[in-house]
Amino acid sequence: MEPPCRARAMTSAARIPRDADPIASPCISICRMDPVAGSVADRAAGGLCVGCLRTLDEIVEWGTASDDRKRLILQAIAQRGPA
């Protein structure tokens, strides 16, 4: 069974906004990096946040990212979750 924080993150990530919708941060205020989570590339980038499943680079980038880039990040989060 997945921890509640991961289930919440996946629920949020599964609802990728349409073009006209504002794109909210996937952060759920459970901010802790897991250095062994994710793919080989994710681990090389420092792992994933256990709350929102983003890499450190994605977290840093979010504030200045375009809406298109934010949608790509949300798609990556959705792909990282359990099948």
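Not measured: the values here are computed from a predicted model. (Residues numbered from 1 in each chain as written. Predicted model: local features only at pLDDT ≥ 70, side-chain atom pairs only at ≥ 80, totals over all residues. Heavy atoms only, no water.)

1. Remarks on the overall build of the protein chain
Check the secondary structure of the protein chain and you find 4 helices and 2 strands. Along its sequence from the N terminus, the protein chain presents helices and strands in the succession α-β-α-β-α-α. Each of the 83 residues in the protein chain was classed as buried or not, and the buried ones make up 36%. Of the contacts formed within the protein chain by residues at least 6 apart in sequence, a portion of 47% connects residues at least 24 apart. Surface exposure of the protein chain reaches about 5,100 Å², of which carbon and sulfur atoms provide 57%. (Helix = DSSP H or I, 4+ residues; strand = E, 2+ residues; numbered from the N terminus. Buried < 20%, exposed > 50% of the residue type's maximum accessible area, 1.4 Å probe, protein only. Contact = heavy atoms within 4.5 Å. Areas by Shrake-Rupley, 256 points an atom, 1.4 Å probe, with all protein chains shown as cover.)

2. Here we look at the nonpolar core
Ile23, Leu53, Trp62, Ile73, Leu74 and Ile77 together form the largest nonpolar core, which totals 6 residues. In this view, Trp62 contacts Ile23, Ala24, Ser25, Pro26, Arg54, Lys70, Ile73 and Leu74; residues no more than four positions away in its chain are not counted. (Core = buried A, V, L, I, M, F, W, Y, C linked by side-chain atoms within 4.5 Å.)

3. Focus: helix H4 (residues 67-80)
Two residues of an α-helix separated by three or four positions point the same way, owing to the 3.6 residues in each turn. Taking 1.5 Å of rise per residue, the 14 residues of H4 would be expected to cover 20 Å, and the 20 Å separating its terminal C-alpha atoms lies within 8% of that figure. Of the residues making up H4, those classed as buried are Lys70, Arg71, Ile73, Leu74, Ala76, Ile77 and Arg80. (Expected span 1.5 Å × (residues − 1).)

4. Thoughts on the confidence of the model for the protein chain
Averaged over all residues, the pLDDT of the protein chain is 82; the fraction at 70 or higher stands at 73%. Across residues 1-11, confidence stays below pLDDT 50; counting only partners more than four residues off in sequence or on other chains, it has 17 contacts. (pLDDT = per-residue confidence, 0-100.)

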